[in-house]
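Letter by letter, the chains look like this.
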Amino acid sequence: MNVDAVSALFREVLEIPEVTADSDFFVMGGDSLLATRVLSAVARATGVELEFDDLLDAPTPNALSKKIAEAA
């Protein structure tokens, strides 16, 4: 899942059109419930199952896409 796909996922889940590669999920209003939606969507799209701590460690589309690539 590339950075553009993760950005689109953040836009969809957060319902915010202004998401860049360096936008922080939690600063933009993300919480643990919305994080679960992101992680579930990542797993469905890629088969990579990340944990909540992974999103805490990589809260931007850029960082999360790298973490997904590493886990794939």
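All values reported here derive from a predicted model rather than from experimental measurement. (Residues numbered from 1 in each chain as written. Predicted model: local features only at pLDDT ≥ 70, side-chain atom pairs only at ≥ 80, totals over all residues. Heavy atoms only, no water.)

This paragraph deals with helix H1 (residues 3-14). For H1, which comprises 12 residues, the first-to-last C-alpha distance of 16 Å matches the rise-based estimate of 16 Å (1.5 Å per residue) to within 8%. Listed in full, the buried residues belonging to H1 are Val6, Ser7, Leu9, Phe10, Val13 and Leu14. The arc that holds the buried residues of H1, viewed along the axis, is 160°, so those residues lie on one side. The exposed residues of H1 that point more than 90 degrees off its buried face are Asp4 and Glu12. Lining the buried residues of H1 we find helix H2 (32-46), helix H3 (52-57) and helix H4 (61-71). A distance of 3.1 Å separates the backbone nitrogen of Asp4 from a side-chain oxygen at the start of H1, and that oxygen is part of Asn2. (Helix = DSSP H or I, 4+ residues; strand = E, 2+ residues; numbered from the N terminus. Expected span 1.5 Å × (residues − 1). Buried < 20%, exposed > 50% of the residue type's maximum accessible area, 1.4 Å probe, protein only. Arc of directions from axis to C-beta. Contact = heavy atoms within 4.5 Å. Polar contact = N/O pair within 3.5 Å; in protein donor to acceptor, adjacent residues only side chain to side chain.)

This part covers the packing of aromatic side chains. How two aromatic rings sit relative to each other is given by the distance of their centres and the angle of their planes. If you walk through the whole model with that rule in mind, you get three aromatic pairs. Arranged with centres 6.1 Å apart and planes meeting at 80°, the rings of Phe26 and Phe52 form a pair that is edge-to-face. Of the two residues, Phe26 sits in the loop between H1 and H2 while Phe52 sits in helix H3, which places them 26 residues apart along the sequence. Taking relative accessible area as the criterion, Phe26 reaches 24% and is therefore assigned partly exposed. Ring pairing ties together the aromatic residues Phe10, Phe25, Phe26 and Phe52, which thus form one cluster. (Phe/Tyr/Trp six-rings, centres within 6.5 Å; stacked < 30°, edge-to-face > 60°.)

With that out of the way, let us pick up the pattern of salt bridges. Evaluation of the coordinates by the stated rule reveals one salt bridge. Where Asp54 meets Lys67, a salt bridge forms, and the shortest distance between an N and an O atom there is 4.0 Å. Here Asp54 is found in helix H3, whereas its partner Lys67 is found in helix H4, with 13 residues between them in sequence. (Salt bridge = Lys/Arg side-chain N within 4 Å of Asp/Glu carboxyl O.)

Where H1 meets H2, the closest approach of the two axes is 10 Å, and the angle between their N-to-C directions is 140°. Looking at the two axes, H1 sits oblique to H2. Judged by the twist between their axes, the crossing of H1 over H2 is right-handed. Residues Leu9, Phe10, Val13 and Leu14 of H1 lie in contact with H2, whose contacting residues are Leu34, Arg37, Val38, Ala41 and Val42. Considered class by class, the residues forming the contact of H1 with H2 number eight nonpolar, no polar and one charged. (Axes fitted to C-alpha atoms, helices over the stretch in contact; angles between N-to-C directions. Parallel < 35°, antiparallel > 145°, perpendicular 65-115°, else oblique. Left-handed = near helix turned anticlockwise from the far one by under 90°. Nonpolar A, V, L, I, M, F, W, Y, C, P; charged D, E, K, R; others polar.)

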